[in-house]
Amino acid sequence: MSNLEQMRAELQELNLQLLDLMNQRAALSKAIGEVKRKQGTNKFDPEFERHMLNQIAEHNHGPFEDSTVQHLFKQIFKACLDLQQDSSKKLLLVSRKKKAEDTVVQIGDVKVGVAGHPLMIAGPCSVESLEQVREVAKALKEQGIGVLRGGAFKPRTSPYDFQGLGVEGLEILRQVGDEFGLKVISEIVNPSDIEMATKYVDVIQIGARNMQNFELLKAAGRVNTPVLLKRGLSATIEEFIYAAEYILSNGNTNVMLCERGIRTYEKATRNTLDISAVPILKQETHLPVFVDVTHSTGRRDLLLPTARAAVAIGADGVMVEVHPDPETALSDAKQQLSIPQFNEFMSELRATKLSQI
Ligand code: PEP
Ligand code: MN
């Protein structure tokens, strides 16, 4: 055997000894974790970890630097600590690994998340008057659509823009919903309004600007009303998933996700619709996923092609804004559909025969 071969053989032998020692350490650490679990004490003990790191530095005679060995040992400590955690605890409640089957959210008698049966949610950007909402509701009813949207608390970029009718808007929505037999959805922006909102709406919407309003997420988690959570303006998919986890971990499992476009450098559209977020969210979570074609594109001419793309890629629903007279709308005048345009949009979308929307 050459000298190099000899040394490599020794190296492998040392690897195996290290492996054996690391696993012995892991087994001991697991046993310690079990004792701590019974005692109800905290698994991570920073004082003891500091003590171990000091001891390692004291006994280190190189050639590794103290900081290098301490770094390596910290990795081992961390891996051992992870082993102490119950592995099922590490899985998020929203994750597909935790629950393999699709969550079907029940909005009264309307089911969301049944494969091949995407749901359309339509209605004005803002609730402006009883008459306005009634006109849209009538159009929805004629199209056989069961869920009406309308903003009552509007999160506007400028404080001088129309802020919504507030509770009066929710009252109008409920009244019209009952009159036409439609379920209603509206955005809530204040955690202290969640409880009140459950008296008016069938679905609570949490808007893009509030995706990481953790107190709002927790409050929405403490009720049973279904929640439609929209992706934040600049949120990663991971952040979006964690935001949904806030709601589920507080008890409410009736959560739907909504991709509504993200901020990029592109100016041709209001936001950039991240269409691949739909299959990613469906792989990673068991929750229904919507695509809001209005706020993602900000362009009337793109509503139909993006709605088709959403259905084709497997979205569980589409959201679109409709107004009796978009030109005079108090918000999002540029991209809402008029009622004839909405009827055209629906028949074109249905003609695609991708599914029964
Ligand atoms: C809305 O749906 O009314 C809305 C304000 O959308 P987003 O939060 O996605 O901007
Ligand atoms: Mn809008």
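Since the model is a prediction, treat every value here as computed from it, not as a measurement. (Residues numbered from 1 in each chain as written. Chains lettered and ligands numbered in written order. Predicted model: local features only at pLDDT ≥ 70, side-chain atom pairs only at ≥ 80, totals over all residues.)

## A look at the UniProt feature "coiled-coil region" (unreviewed entry) in the chain
Mapped onto this numbering, the UniProt entry annotates "coiled-coil region" (unreviewed entry) at residues 1-31. Between the C-alpha atoms that bound residues 1-31 the distance is 43 Å, and the span itself is 94% helix and 0% strand. (UniProt positions renumbered as here; feature names shortened; annotations may be inferred. Helix = DSSP H or I, 4+ residues; strand = E, 2+ residues; numbered from the N terminus.)

## Some remarks on unusual backbone geometry
Of note, the bond from Gly62 into Pro63 is cis; its omega dihedral lies within 30 degrees of zero at 10 degrees. Within the fold, Pro63 resides in the loop between helix H2 (46-58) and helix H3 (66-84). The phi torsion at Asp332 lies on the positive side, around 45 degrees, for a residue other than glycine. With respect to the helices and strands, Asp332 occurs in the loop between strand S10 (317-321) and helix H12 (339-351).

## So, the domain arrangement of the chain
Looking at the assigned domains, one finds that the chain contains domain 1 (3-90) and domain 2 (105-351). Look at where the C-alpha atoms of domain 1 and domain 2 centre, and you get two points 49 Å apart. (Domains from an automatic or database assignment.)

## A few points about the packing of helix H4 (residues 130-142) against helix H5 (residues 167-180)
Following both chains from N to C, one finds H4 and H5 inclined at 35 degrees, their axes separated by 10 Å at the closest point. Considering the relative orientation of H4 and H5, their crossing is right-handed. Contact residues: H4 offers Leu130, Val133, Arg134, Ala137, Lys138 and Lys141, while H5 offers Ile172, Leu173, Val176 and Phe180. Looking at the contact of H4 with H5, its residues break down into 7 nonpolar, no polar and 3 charged. (Axes fitted to C-alpha atoms, helices over the stretch in contact; angles between N-to-C directions. Left-handed = near helix turned anticlockwise from the far one by under 90°. Contact = placed C-beta atoms within 7 Å. Nonpolar A, V, L, I, M, F, W, Y, C, P; charged D, E, K, R; others polar.)

## Some words on the packing of helix H7 (residues 214-221) against helix H8 (residues 237-249)
Orientation of H7 relative to H8, taken along the N-to-C sense of each, is 40 degrees, at an axis distance of 7 Å. One finds that H7 runs oblique with respect to H8. You can see that H7 and H8 cross each other, and the crossing is right-handed. Each of Phe214, Leu217, Lys218, Ala220 and Gly221 in H7 lies in contact with H8, whose residues at this interface are Ala243, Tyr246, Ile247, Leu248 and Ser249. Broken down by class, the residue content of the contact of H7 with H8 amounts to 7 nonpolar, 2 polar and 1 charged. (Parallel < 35°, antiparallel > 145°, perpendicular 65-115°, else oblique.)

## Focus: the environment of Leu119
For Leu119, the position within the fold is in strand S3 (residues 119-123). Along the backbone, Leu119 and Gly146 are 27 residues apart, and their C-alpha atoms lie at a distance of 8.4 Å. When sequence neighbours within four positions are dropped, the list of residues in contact with Leu119 reads Val110, Val112, Val147, Asp316 and Gly317.

## Thoughts on helix H11 (residues 303-313)
Of the residues making up H11, those classed as buried are Leu303, Thr306, Ala307, Ala310 and Val311. Within H11, the buried residues cover an arc of 140 degrees as seen down the axis, which keeps them to one side. Looking at the buried residues of H11, the elements they touch are helix H9 (277-284), strand S9 (289-292), helix H10 (293-297), S10 and H12. (Buried ≥ 20, exposed ≤ 12 C-beta atoms within 10 Å, placed from the backbone. Arc of directions from axis to C-beta.)

## Re the sheet that holds strand S6 (residues 203-206)
The 8 strands are arranged S3-S4-S5-S6-S7-S8-S9-S10 in a closed barrel whose pairing can be described as parallel. Looking at each pair of strands side by side, their axes are set apart by 25 degrees on average, direction ignored. In this structure, S3 lies alongside strand S4 (residues 147-149), joined through 2 bridges in parallel fashion. By the bridge assignment, Ala122 is partnered in S4 with Leu148. Relative to strand S5 (residues 183-187), H5 is tilted by about 165 degrees, and along the sheet it contacts S4 and S5. (Pairing = 2+ DSSP bridges.)

## Quick word on the pairing of strand S7 (residues 227-230)
Burial of S7 is two-sided: the residues Val227 and Leu229 facing one way and the residues Leu228 and Lys230 facing the other way are all buried. Both S6 and S7 contribute to a ladder of 3 bridges, which runs parallel. Paired with Ile204 across the strands is Val227, a residue of S7. Since S6 and S7 lie parallel, the crossover through H7 that links them has a hand, and here it is right-handed. Sheet topology note: the S7/strand S8 (residues 255-259) ladder contains 4 bridges and is parallel. Pairing of Val227 across the sheet is with Val255, part of S8. The parallel pair S7 and S8, bridged by H8, forms a crossover whose chirality is right-handed. (Right-handed = clockwise from strand over helix to strand, strands pointing away.)

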